[in-house]
Amino acid sequence: MPERTPLYDRHRALGARLVDFAGWEMPQQYTSVREEHAAVRGAAGLFDVSHMGRVGFRGTGVADYLQRLVTNDLSGVAAGHAQYNLICNPDGGVLDDLVVYRLPDGSWSAVVNASNREKDVAWMRAHAGGVEVVDRSQETALLALQGPRAEGLLAPLTTDVELAEIPYFGVAQGQVAGVTATISRTGYTGEDGFELVLPATDVGGVWDALLAAGAVPAGLAARDVCRLEAGLRLYGNDMDEATNPYQAGLGWTVKLDKGEFIGRQALARVRERGPDRVLVGLRCGERTIPRHGAAVSRGGERIGVVTSGTHSFFLGGGIGMASVTAGAAPPGTQLEIEGRGAAGSAEVVKLPFYRGSVKTAVSSAKPAG
């Protein structure tokens, strides 16, 4: 039986179409994907993403432990800031992508993908040494308020913190609708917005207050369209344990000179010789939607496979990402995409497809689905 978030009854009351996602019964959509997508792009959409894992760390040496665990360099992350990161295995394959937070009090936490939570926690504990890894996923909930009006909508409900002073990937703590919350300026849509970690017992009141203030409930389908338009990767599609960061276009998260970390030696070899395959953006015709797993060819020769694809309402056609042979498909290259009937066509374009109201380059935004 799928797990349910604390907001399950509210989703049903709103008429959400519920689907199984990573073992959770989650809202795919409430009205239509188009309407919910438009709300995120034009105003503010509200997502329940409580299925994602929330992990805390306690004990001495937490910062050093995390430095050895992840690929990015946490040494410059000050209290009140967060960083997009990867966990790799010794062979350099991506175990997960995550956001690591250094809270205002100096403590550390992370948000990981729902499908990988148990695997991640086990991995973290296996490498923890004297650090205690605490899975807080059941006792907390996670909301994502995304869109150009997110700050204006959230501010009247917030006390003890000035939202305008929270930078991109900044973290603060305050009260939202009377509930203590960790507030980060992060998201997975390419728009400005906030993610709120709240006590599971109190999230319902905050959800209600945000909807009353004008937020539009949005499901995972709209979230996926938004993240793909913003060129953000999805674990299990665009990367996995058989994919290294350079193959996924995430080499910028790998800081080889920071010191030893899990996977460093393998990743140093990849960087030296270059990846054998790369991730590229696909812009398709109006009637072509690239499907996950579809073959990608150039001049009749297969060079790769579609990793993610959807119909973009903003761009009026299909978009996607594909893992292709390195050097075979520079921007401007015309490719053939395997379809259910006749093959479709696509042009290779630079990512992202869309830049929204987010305060900085969306290529540094996360992750987490």
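Scope of this entry: the structure provided in the associated data block.

About the criteria used
- Residues numbered from 1 in each chain as written.
- Predicted model: local features only at pLDDT ≥ 70, side-chain atom pairs only at ≥ 80, totals over all residues.
- Heavy atoms only, no water.
- Core = buried A, V, L, I, M, F, W, Y, C linked by side-chain atoms within 4.5 Å.
- Buried < 20%, exposed > 50% of the residue type's maximum accessible area, 1.4 Å probe, protein only.
- Helix = DSSP H or I, 4+ residues; strand = E, 2+ residues; numbered from the N terminus.
- Contact = heavy atoms within 4.5 Å.
- Pairing = 2+ DSSP bridges.
- Axes fitted to C-alpha atoms, helices over the stretch in contact; angles between N-to-C directions.
- Phe/Tyr/Trp six-rings, centres within 6.5 Å; stacked < 30°, edge-to-face > 60°.
- Lys NZ or Arg CZ within 6 Å of the ring centre and 35° of its normal.

## Brief notes about the nonpolar core
Burial of nonpolar side chains together is a common tendency in soluble globular proteins.
Alright, step 1. One finds Tyr101, Met239 and Leu267 to be the most contacted residues of the largest nonpolar core, which totals 31 residues.
Alright, step 2. When contributions to this core are tallied by element, the ones reaching two or more residues are strand S5 (81-88), strand S6 (94-102), strand S9 (140-146) and helix H8 (264-273).
Alright, step 3. With 4 residues, the top contributor of residues to this core is S5.
Alright, step 4. Other than its neighbours up to four places away in sequence, leucine 267 contacts Thr71, Cys88, Gly92, Asn244, Pro245, Tyr246, Val254, Leu256 and Phe261.
Alright, step 5. Membership of the second largest hydrophobic core comes to 27 residues, among which are Tyr30, Val161, Ile183 and Phe194.

## Quick look at the sheet that holds strand S13 (residues 193-199)
Alright, step 1. What the 7 strands build is an open sheet, ordered S10-S11-S12-S13-S9-S3-S14; its pairing is mixed. Here the strands that pair on one side only, and so sit at the sheet edges, are strand S10 (158-159) and strand S14 (216-217).
Alright, step 2. As paired strands, S9 and S13 are joined by 7 bridges and run antiparallel to one another. Bridging from a neighbouring strand, alanine 141 pairs with leucine 198 of S13.
Alright, step 3. Taken strand by strand, helix H6 (residues 203-212) contacts strand S3 (45-48), S9, strand S11 (171-176), strand S12 (179-184), S13 and S14, and its axis lies near 15° from that of S9.

## Considerations on the packing of aromatic side chains
Alright, step 1. Across all of its chains, the model carries 4 aromatic pairs by this definition.
Alright, step 2. For the cation-ring pair, arginine 41 lies above phenylalanine 314, with the distance from its terminal atom to the ring centre recorded as 6.0 Å.
Alright, step 3. Lysine 258 extends its terminal NZ or CZ atom over the ring of phenylalanine 261, reaching a point 4.9 Å from the ring centre.

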